[in-house]
Amino acid sequence: MVEYILGTPIFQAKMEEYDKENLIQAVSNLVQDSSFNSSSHNPSFFGDIYSDIKQPHELDCFSDVNKFIAKQTRKYINKLGSENIPDVYVQKSWGVRLQKEGGVSPHKHVNAHLSCVFYVSVNKDEGAELTFESEYDLFQNLPIDCESYIHKLKPEDGTLVIFPSTLLHYVSESSSEKDRYCVSYDLMLTSKEKLENKTLDPSQWRKLT
């Protein structure tokens with residue numbers, strides 16, 4: 001028996017009912033209005049936050065998704081053993097349209113506490129796996145092939161994945177003829193109580209001028 005110790009908790013939940021066609025159109029519009037230019041070698045299109053456009057969490061059509069993310073994030077925190085459930089804030093969000101041969105390079109979201117992906121429309125078994133990778137490969141000095149530090153997910157329509165923002169992750173190349181649509185959120189967890197090593201609620205912040 002192999003027992004995995006100190007594994008990273010990654011949370012998944014399924015939103016059974018949502019207006020898929022409306023959300024696909026919304027992501028398409030975000031991508032179309034974006035200033036992000038994809039590479040011909042990597043046809044991934046982002047409705048990025050650097051454009052002067054609204055982000056998904058600001059759009060009415062994503063209101064049910066916002067509520068679902070808030071509820072599932074609190075459930076995630078509770079399952080981690082925390083009795084104090086913090087407030088959940090969206091720091092930023094963006095849409096992604098992934099085309100054939102497109103993928104997402106390895107990266108982290110060091111600006112946030114938690115990150116999540118909600119999959120609006122996917123094509124199963126055609127690549128584009130959400131892949132998490134530990135930075136600590138304890139077997140790298142052994143003459144063996146071992147991918148125990150890599151975990152791959154094959155999401156379905158309506159899947160929500162929540163994970164620590166500093167966890168390295170990427171999306172493998174898609175082999176599907178159909179585009180894949182999803183939205184990503186960066187989340188902050190805050191406390192109204194003044195506790196050591198906790199991020200205070202923004203209502204207690206003050207801009208220094």
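Before reading on, note that the structure itself is shown above.
Residues numbered from 1 in each chain as written. Predicted model: local features only at pLDDT ≥ 70, side-chain atom pairs only at ≥ 80, totals over all residues. Heavy atoms only, no water.

## Focus on the environment of N123
Where we set the bar: Note on conventions: DSSP H or I runs of at least 4 residues are helices, E runs of at least 2 residues are strands, and numbering of each starts at the N terminus. Contact criterion: two residues are considered in contact whenever any of their non-hydrogen atoms come within 4.5 Å of each other. Polar contacts here mean pairs of N or O atoms no more than 3.5 Å apart (in protein, one a potential hydrogen donor and the other a potential acceptor; neighbouring residues in sequence count only if both atoms are side-chain atoms).
Note on placement: N123 falls in the loop between strand 5 (114-121) and strand 6 (130-133). Spatially, the C-alpha atom of N123 lies 9.2 Å from that of S174, the residues being 51 residues apart in sequence. Not counting residues within four places of it along the chain, the set of residues in contact with N123 comprises S176, K178 and D179. A polar contact of 3.2 Å, which involves the side chain of N123, links it to the side chain of S176.

## Thoughts on helix 1 (residues 20-33)
For the α-helix, the turn length of 3.6 residues means that residues three or four positions removed from each other point alike. To keep it simple, the criterion reads: An expected span of 1.5 Å times one less than the residue number is assigned to each helix. For every residue, the accessible area (1.4 Å probe, protein chains only) is compared with the maximum for its type, and the residue is labelled buried under 20%, exposed over 50%, or partly exposed between those bounds.
Compared with the 20 Å implied by 1.5 Å per residue over 14 residues, the 20 Å span of helix 1 between its first and last C-alpha is a close match. Every buried residue belonging to helix 1 is among L23, I24, A26, V27, S28, L30 and V31, and all of these are buried.

## Comments concerning the pairing of strand 10 (residues 180-190)
Consecutive side chains along a regular strand alternate between the two faces of the sheet. Our working rule: Strand pairing is assigned whenever DSSP identifies at least 2 bridges connecting the two strands.
With 11 of 11 residues buried, strand 10 is to be regarded as a mostly interior element. Where burial is concerned, the two faces of strand 10 agree: the one with R180, C182, S184, D186, M188 and T190 and the one with Y181, V183, Y185, L187 and L189 are both buried. Relative to strand 10, strand 3 (residues 87-98) runs antiparallel, the two being bridged by 11 bridges. By the bridge assignment, K92 is partnered in strand 10 with D186.

## Some details on the environment of Y76
The topology assignment puts Y76 in helix 2 (residues 63-79). Looking at Y76, the relative accessible area reads 3%, which means it is buried. Considering only alpha carbons, one finds Y76 and I10, 66 residues apart in sequence, at a separation of 8.6 Å. Residue contacts for Y76: discarding those within four places in its chain leaves P9, F11, L114, I162, F163 and P164. Only 2.6 Å separates the side chain of Y76 from the backbone oxygen of P9, close enough to count as a polar contact.

## Thoughts on the packing of aromatic side chains
Selection criterion: Under the pairing criterion, centres of Phe, Tyr and Trp rings, with the six-membered ring standing for Trp, must be within 6.5 Å; the plane angle then separates stacked pairs below 30 degrees from edge-to-face pairs above 60, leaving the rest tilted.
What the rule picks out here adds up to three aromatic pairs. Here the aromatic rings of F11 and Y76 are separated by 5.6 Å at their centres, their planes lie at 40°, and the arrangement is tilted. Remark: Y76 occurs in helix 2 and F11 occurs in strand 1 (residues 11-14); sequence separation between them is 65 residues. Where F132 meets F163, the ring centres are 4.9 Å apart and the plane angle is 65°; that geometry is what we call edge-to-face. Here F132 is found in strand 6, whereas its partner F163 is found in strand 8 (residues 159-164), with 31 residues between them in sequence. We classify F163 as buried; its relative accessible area is 1%.

## Focus on the side chain of S184
Counting through the fold element by element, S184 comes out in strand 10. Once you skip the residues sitting within four places of it in the chain, S184 turns out to touch K92, S93, W94, C116 and V117.

## Describing the pairing of strand 6
In this sheet, strand 7 (residues 150-153) lies alongside strand 6 in antiparallel orientation, the contact comprising four bridges. From the neighbouring strand, T131 faces strand 7, where its bridge partner is K152. Summarising the sheet, strand 6 and strand 9 (residues 168-171) pair through four bridges and their orientation is antiparallel. The partner of L130 across the bridge, within strand 9, is V171.

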